[in-house]
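Here's the letter readout for the chains.
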Amino acid sequence: MGSALVYINGEYCEEGTAKISVFDHGFLYGDGVFESIRCYNGTVFGLQEHMERLFESAKLINLKISGTPENMVDLVCETIRRTDLRDAYVRLVISRGIGDLGMDPKKCPEPTVVIIVQEAEPMYGDLYDKGIRVITTGIRRIAIDAIDVRAKTLNYLNNILAKIQANTAGCEEALMLNHLGYVCEGTGDNVFIVKNGVVLTPPAESGALKGITRRFIFALSKKLNIVCNEKNMTLIDVYASDEAFMTGTLAEIVPVVEVDGREIGDGKPGGITKRLMAEFVESREAYGIAAYNEKR
Ligand code: PXG
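Residues numbered from 1 in each chain as written. Predicted model: local features only at pLDDT ≥ 70, side-chain atom pairs only at ≥ 80, totals over all residues. Heavy atoms only, no water.

1. Re the site of the ligand
Our working rule: Put simply, a residue is near a molecule or strand once any heavy atom of it comes within 4 Å of that molecule or strand. Under this definition, polar contacts are N or O atom pairs within 3.5 Å; protein pairs additionally need one hydrogen-donor-capable and one acceptor-capable atom, and for neighbouring residues in sequence, both atoms have to be side-chain atoms. Per-residue accessibility takes into account occlusion by the displayed protein chains alone, with areas from the Shrake-Rupley method and a 1.4 Å probe. Residues are said to line a cavity or pocket when one of their atoms sits within 4 Å of a point; the points come from a 1 Å grid over protein atoms alone, cavities being sets where a 1.4 Å probe fits but cannot get out and pockets being open sets with protein on both sides within 12 Å along at least five of seven lines. Cavity and pocket membership follows a simple rule, namely that a molecule belongs there if more than half of its atoms are within 2 Å of the grid points.
With respect to spatial proximity, 22 residues lie near the ligand, and among them Y156, E185, I212, T213 and T249 are the closest. Contacts to the ligand include T213, whose side-chain N or O atom sits 2.6 Å from an oxygen atom. Between the ligand and T249 there is a distance of 2.5 Å, counted from an oxygen atom to a side-chain nitrogen or oxygen. Contact with the protein chains covers 89% of the free accessible surface of the ligand, which is 540 Å². Under a 2 Å grid-point criterion requiring more than half of the atoms, the pocket assigned to the ligand is the largest pocket.

2. Quick notes on the nonpolar core
Filter applied, for reference: What is meant by a nonpolar core is a set of buried Ala, Val, Leu, Ile, Met, Phe, Trp, Tyr and Cys residues, joined one to another through side-chain atoms within 4.5 Å. Relative accessibility under 20% of the residue-type maximum defines a buried residue, over 50% an exposed one, and the middle range a partly exposed one, all with a 1.4 Å probe and only protein chains included. Whether two residues touch is decided by their heavy atoms; if any such pair falls within 4.5 Å, the residues are in contact.
Among the nonpolar cores identified, the biggest contains 39 residues, and I132, L175, V199, F245, M246 and L276 are the most heavily contacted of them. The residues contacting F245, other than those within four sequence positions of it, are N190, V191, F192, V194, V199, I217, I253, V254, P255, V256, T273 and L276. M51, V90, I94 and I115 belong to the second-largest nonpolar core, a separate cluster that totals 26 residues.

3. Concerning helix α2 (residues 47-60)
Convention followed: A run of H or I in DSSP becomes a helix once it reaches four residues, and a run of E becomes a strand once it reaches two; helices and strands are each numbered from the N terminus. For a helix, the expected span equals 1.5 Å multiplied by the number of residues minus one.
Across its 14 residues, α2 extends 20 Å between first and last C-alpha, which sits within 8% of the 20 Å expected from 1.5 Å per residue. All of the buried residues along α2 are L47, E49, H50, M51, R53, L54, S57 and A58. Each element contacted by the buried residues of α2 is listed here: β3 (32-40), β4 (43-45), α3 (69-83), β5 (88-95), α6 (212-223) and β16 (288-290). After α2 finishes, the residue N62 shows a positive phi value of roughly 55°.

4. Here's the deal with the packing of aromatic side chains
The geometry of an aromatic ring pair comes down to the distance between the two centres and the angle between the two planes. In plain terms, the rule: When the centres of two rings from Phe, Tyr and Trp lie within 6.5 Å, Trp using its six-membered ring, the rings pair. Their planes under 30 degrees apart give stacked, over 60 give edge-to-face, and anything left gives tilted.
Considering all chains together, one arrives at eleven aromatic pairs under this definition. Both rings, one in F45 and one in Y287, keep their centres 5.1 Å apart while their planes meet at 55°; by these two values the pair is tilted. Here the residue F45 occupies a position in strand β4, and Y287 occupies one in the loop between α8 (271-283) and β16, the gap between them amounting to 242 residues. With respect to burial, F45 and Y287 carry one shared label: buried. When the ring of F216 is compared with that of F280, the centres are 5.8 Å apart and the planes differ by 70°; the resulting orientation is edge-to-face.

5. Regarding the domain arrangement of the chain
Basically, it comes down to this: How far each domain reaches was decided by an automatic or database domain assignment. As used here, buried area is the combined drop in accessible area, with a 1.4 Å probe, of two parts when they are placed together. In the sections that follow, a salt bridge refers to a side-chain nitrogen of Lys or Arg positioned within 4 Å of a carboxyl oxygen of Asp or Glu.
The assigned domain composition of the chain is domain 1 (5-119) and domain 2 (127-284). Once you take the C-alpha centre of each, domain 1 and domain 2 turn out to be 26 Å apart. In this assembly, 23 residues from domain 1 lie in contact with 18 residues from domain 2. Here domain 1 packs against domain 2, burying approximately 1,800 Å² in sum over the two surfaces, 67% of which is carbon and sulfur. When residues of domain 1 are sorted by the area they lose upon contact with domain 2, F34, F45 and R53 head the list and together hold 35% of the total. Applying the counting rule to domain 1 against domain 2 returns one salt bridge.

Below is the structure:
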């Protein structure tokens, strides 16, 4: 994989020289927000939606981003263009910025803006044909009255602890329940099941992130005349489903063929899942903002 290009507060540098201060509160306290974004053949997938979520996340933590969402769109596109990559993985991080060794954010005058652009590769390697195996983790998703996890903040330890459990169990991903025991999401992806031809996913009120890919699944389902609804579900709904899959910017759409040792359906990626995966590849280049548009 080639070296990443990194934008930090107005400067562009190669990954080897990209540095931020140890006094940055993103590093010291996880005080910041981020977005993970994909670019397919020069089009930045769902960039408008990513920007809306970024500014909503920033609002939750009362972080003032200088400039408008449009300025940030331009900056992301400019950074991609400088790499000449048409297929790229982009990480946009905005932290509280440099402060002192105290958590009080009022000591941080200026947010730190980082954009990393590198080559993209599929998160689950060759498992898109076979499907992944998942365990339900004992780590509950953070309750929304603690941190509203519908904001994408730099606090990912909850998810990382769950991922460690999945790794220990020899599974690819962990399914996280919310504090009431309802199915919520994966560590870095949203979860869907298919039952009697209907696609179902937990509502955002379950504490699941309102994923950009999740939202795209609603559009793809509509296009394919498949009913797709939000529904609160418990583990029995997942175990007894006909098909299951997870979605995310990095994961894209990945079939789930086993949960907690129970085969999902016939233990192979399901028909509706495969149709959605094919339609995703077909439609994704049209869903976003062109990074290489001459006007930029
Ligand atoms: N839920 C959570 C908790 C996420 O972090 C998604 C769902 C899917 O949302 P999008 O908008 O991407 O469809 C995410 C995003 C990683 C990694 O390294 C994963 C994400 C973000 C950053 C890193 O696995 N997933």
